[in-house]
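The primary structure of each chain is shown beneath.
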Amino acid sequence: MATQHSRAAARLMISPSVLLLLGWMLIPLGMTIYFSLLRYNLLMPGNNPYVGWENYKYFLTDPAFTAAIVNTLLLVGGVLLITVVGGVLLGLLLDQPMWGQGIVRILVIAPFFVMPTVSALVWKNMFMNPVNGLFAYLAQFLGLEPFDFLAQAPLMSIIGIVSWQWLPFATLILLTAMQSLDREQLEAAEMDGAGPFSRFFYIVVPHLARAVTVVVLIQTIFLLSVFAEILVTTNGGPGNASTNLTYLVYAESLLRFDVGTGSAGGVVAIVLANIVAIFLMRMIGKNLEA
Amino acid sequence: MARKVTTQRMAVNTVVAWVIGLLIFFPILWTILTSFKTEAQAIADPPIFLGFNWTFENYIEVQERSNYFRHFWNSVVISVGSTLLGLVIAVPAAWAMAFVPGKRTKDVLMWMLSTKMLPPVGVLVPIYLMFRTLGLLDTKLGLVIVLTLINLPIIIWMLYTYFREIPGEILEAARMDGATLRGEVVHVLLPMAVPGMASTVLLNIILAWNEAFWTLNLTAAKAAPLTAFIASYSSPEGLFYAKLSAASTMAIAPILIMGWFSQKQLVRGLTFGAVK
């Protein structure tokens with residue numbers, strides 16, 4: 001049993017991590033909130049006067065903000081839809097007996113390990129380029145007009161690229177969950193005369209619900225912060241067509257050097273992410289008790 | 001017992017799965033192939049799949065033009081450095097929470113995880129300004145610090161879930177047999193903890209290697225790791241597909257190999273133990 005002495009030692013062992021994370025969270029967070037209340041532009045040095053909610057008013061009423069929120073939701077929602085549906089289907093497929101299963105699995109999860117800038121540039125140039133990309137050749141081969149993906153459908157193209165990166169994650173987690181399914185239960189259901197569809201909807205789906213929730217929540221946290229893919233493909237354009245919230249805050253702060261407005265946007269992003277985080281934390285917390 | 005599967009069904013599964021697997025893998029395969037072509041062959045119409053003269057020219061040229069290995073080395077230092085630093089800070093914490101759990105251990109763990117939910121863009125401005133003041137912009141040290149902090153919760157969580165699986169009774173048994181504290185740690189605990197620590201290290205190197213928000217925003221020419229270096233290909237001049245492919249292939253190869261070895265740990269690490 002833990003003694004008084006070991007308790008004290010344990011506290012000492014935990015404290016560096018706690019202090020570091022506390023500092024990492026509170027200091028920049030405090031500064032962001034503070035900056036968000038100032039008129040503060042790096043291009044206009046001077047005393048940075050307190051302006052109250054002005055930055056928030058400016059940021060939230062900027063048409064770019066509305067566009068960014070819509071794009072963020074479309075990006076997160078689109079990628080989630082593709083990866084979860086694709087992940088369930090791929091998971092079901094990979095769970096079947098076949099030759100070379102291990103190798104297929106390796107092929108399927110590989111995109112997850114490709115760094116975001118590489119996958120974005122490879123897709124942008126070697127596949128989506130309207131002149132030299134493989135899709136252009138394919139269109140030509142089929143007798144179609146080549147399509148300039150990143151100019152004509154920038155957000156959809158980015159959704160495609162990001163989905164390619166995250167499909168392996170969803171597949172891997174859903175496959176892991178499927179493999180923990182009790183086979184005997186399935187066989188018993190089959191013997192009782194349940195067809196493949198009712199077996200899927202009454203046994204497999206409920207079993208997967210938890211894994212799907214985990215996939216959705218974790219991906220949402222990461223997808224809200226998609227940045228590199230946008231930076232190297234479209235720079236948020238044309239116009240604001242592919243600007244998400246993360247990119248908009250980046251543009252305000254480091255391209256337009258408007259620290260005040262950028263910080264206000266940062267606070268908005270934090271509030272949004274927290275709404276998702278609360279749900280995720282509940283899920284994981286429940287698991288900790290189990 | 002698994003049911004007997006007919007050969008026919010097995011064959012259908014195999015074909016469908018391989019076709020889909022190869023389609024998903026194709027962009028990576030295409031990048032690797034293109035890296036061995038000349039620039040003219042890389043954009044040939046119709047595209048050349050395998051019938052080209054293999055050349056290493058692009059690899060040599062990428063290094064000569066842009067000092068590629070400097071950025072490769074930056075990636076190594078930043079990912080390995082931040083992981084090891086994180087490990088040094090995290091092992092005592094995870095150890096204490098797993099073996100001497102208190103009333104609030106769970107709350108502390110959850111709170112640590114919650115720091116991971118902070119969107120990076122929310123603290124971009126202060127970190128950037130702080131780094132500018134402290135002279136940490138475009139330094140490897142600066143990135144090591146940031147990546148250590150953003151991955152610390154994952155390291156602690158992964159270690160915690162592994163350490164928790166080490167049965168406490170084994171320690172008591174060793175103590176009964178007269179083991180000293182040192183002997184207990186070296187001969188009993190360490191061998192059981194090493195596999196978990198190795199997986200944790202592997203996953204974190206992967207995450208740090210591919211991190212592309214802070215590396216893009218906090219570095220310029222000097223300390224840029226591969227994520228940021230490759231981004232410079234977004235505004236290229238002239239023919240560049242083969243060179244882009246060569247630079248990309250070298251950037252993803254080490255992590256692909258490590259990733260394939262850590263498939264199982266990946267699930268556990270990225271879901272914070274919620275799916276095993």
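Just so it is clear, the model here is predicted, and its values are computed rather than measured.

Helices and strands together make up the secondary structure of chain B, namely 13 helices and zero strands. N-terminal to C-terminal, the α/β element order of chain B is α-α-α-α-α-α-α-α-α-α-α-α-α. Computed over the C-alpha atoms, the radius of gyration of chain B is 24 Å, more than 25% above the 19 Å expected from 2.2 N^0.38 for a compact globule of 276 residues. Here the C-alpha coordinates of chain B stretch approximately 75 × 70 × 35 Å along the principal axes. The buried share among the 276 residues of chain B stands at 46%. Restricting to contacts in chain B with at least 6 residues of sequence separation, those with at least 24 account for 79%.

Each helix and strand in chain A was counted, giving 13 helices and zero strands. In chain A, the succession of helices and strands from N to C terminus is α-α-α-α-α-α-α-α-α-α-α-α-α. For 290 residues, the compact-globule formula gives about 19 Å, and the C-alpha radius of gyration of chain A, at 24 Å, lies well above that figure. When the 290 residues of chain A are sorted by exposure, 43% land in the buried category. Residue pairs at least 24 apart in sequence account for 70% of intrachain contacts in chain A once pairs closer than 6 positions are excluded.

Let us now look at the packing of helix α7 (residues 140-163) of chain B against helix α9 (residues 181-210) of chain B. Residues and elements named next belong to chain B. The geometry of α7 relative to α9 is characterised by a closest axis approach of 10 Å and an angle of 155° between their N-to-C directions. Taken together, the axis directions place α7 and α9 in an arrangement best described as roughly antiparallel. In this structure, α7 crosses over α9, and the sense of that crossing is right-handed. Contacts from Leu147, Asn151, Ile154, Ile155, Met158, Leu159, Tyr162 and Phe163 of α7 reach α9 at Ala193, Gly196, Met197, Thr200, Leu203, Asn204, Leu207 and Ala208.

Once that is clear, we can look at the interface of chain A and chain B. Contacts between the two partners involve 85 residues from chain A, matched on the other side by 84 residues from chain B. With 17 residues, the single largest contributor to the side of chain A that touches chain B is helix α1 (residues 4-35) of chain A. Across the side of chain A that touches chain B, the residue classes tally to 66 nonpolar, 18 polar and one charged.

Residue and element names in this part refer to chain B. Once the domains are mapped, chain B shows domain 1 (7-57) and domain 2 (69-270). Here the C-alpha centroids of domain 1 and domain 2 sit 32 Å apart. Listed per partner, the contact involves nine residues of domain 1 and seven residues of domain 2. Counting only elements with at least two residues in the side of domain 1 that touches domain 2, the list comes to α1 (7-34) and α2 (39-42). Across the side of domain 1 that touches domain 2, the residue classes tally to three nonpolar, four polar and two charged.

All names here are of chain A. By the secondary structure assignment, Ser163 is in helix α8 (residues 154-179). The class of Ser163 is buried, set by 20 C-beta atoms lying within 10 Å. Sequence separation of Ser163 and Val76 is 87 residues, and the distance between their C-alpha atoms is 9.7 Å. What Ser163 contacts, discounting residues up to four positions off in sequence, is Val79, Ile82 and Thr83.

This part covers the packing of helix α5 (residues 116-127) of chain A against helix α12 (residues 241-261) of chain B. At their nearest, the axes of α5(A) and α12(B) sit 11 Å apart, and the two run at 155° to each other. Classified by the angle their axes make, α5(A) and α12(B) are roughly antiparallel. Here the hand of the crossing between α5(A) and α12(B) comes out left-handed. Taken together, the residues of α12(B) that come into contact with α5(A) (itself represented by Val118(A), Leu121(A), Val122(A), Asn125(A) and Met126(A)) are Tyr241(B), Leu244(B), Ser248(B), Ala251(B) and Ile252(B). Each residue belonging to the contact of α5(A) with α12(B) can be placed in one class, and the counts come to eight nonpolar, two polar and no charged.

A few words on the confidence of the model for chain B. All names here are of chain B. This prediction gives chain B a mean pLDDT of 87; 96% of its residues lie at or above 70. Per-residue pLDDT, averaged within each element of chain B, yields its smallest value for helix α13 (residues 263-270) (75) and its largest for α1 (94). Interface confidence for the predicted complex, given as ipTM, is 0.88, next to a pTM of 0.89.

Ile173(A), Ala94(B) and Ile156(B) are the most contacted members of the largest nonpolar core, which totals 155 residues. Broken down by element, the residue count for this core peaks at 17 residues, all from α7(B). Excluding anything up to four places from it in sequence, Ile156(B) contacts Ser17(A), Ala90(B), Ala93(B), Ala94(B) and Met112(B).

Before going further, it helps to examine unusual backbone geometry. For the peptide bond that leads from Gly237(A) to Pro238(A), omega is -5°, which places it in the cis range. Position of Pro238(A) relative to the elements: it lies in the loop between α11 (228-233) and α12 (245-255). Even without being a glycine, Asn235(A) presents a positive backbone phi close to 55°. Mapped onto the fold, Asn235(A) is located in the loop between α11 and α12. The phi angle at Asp138(B) is positive, at roughly 55°, despite the residue not being glycine. The topology assignment puts Asp138(B) in the loop between α6 (124-134) and α7. Classification of Asp138(B) by C-beta neighbours within 10 Å gives partly exposed; the count is 16.

Right, let's talk about the environment of Thr215(B) for a bit. Residue and element names in this part refer to chain B. Take Thr215: it is sitting in helix α10 (residues 214-218). Separated by 10 residues in the primary sequence, Thr215 and Ile205 place their C-alpha atoms 14 Å from one another. Dropping the residues within four chain positions of it, Thr215 is found in contact with Leu143, Pro225, Thr227 and Ala228.

Criteria and thresholds
Residues numbered from 1 in each chain as written. Chains lettered and ligands numbered in written order. Predicted model: local features only at pLDDT ≥ 70, side-chain atom pairs only at ≥ 80, totals over all residues. Helix = DSSP H or I, 4+ residues; strand = E, 2+ residues; numbered from the N terminus. Rg over C-alpha atoms; globule rule 2.2 N^0.38 Å. Buried ≥ 20, exposed ≤ 12 C-beta atoms within 10 Å, placed from the backbone. Contact = placed C-beta atoms within 7 Å. Axes fitted to C-alpha atoms, helices over the stretch in contact; angles between N-to-C directions. Parallel < 35°, antiparallel > 145°, perpendicular 65-115°, else oblique. Left-handed = near helix turned anticlockwise from the far one by under 90°. Nonpolar A, V, L, I, M, F, W, Y, C, P; charged D, E, K, R; others polar. Domains from an automatic or database assignment. pLDDT = per-residue confidence, 0-100. Core = buried A, V, L, I, M, F, W, Y, C linked by C-beta atoms within 7 Å.

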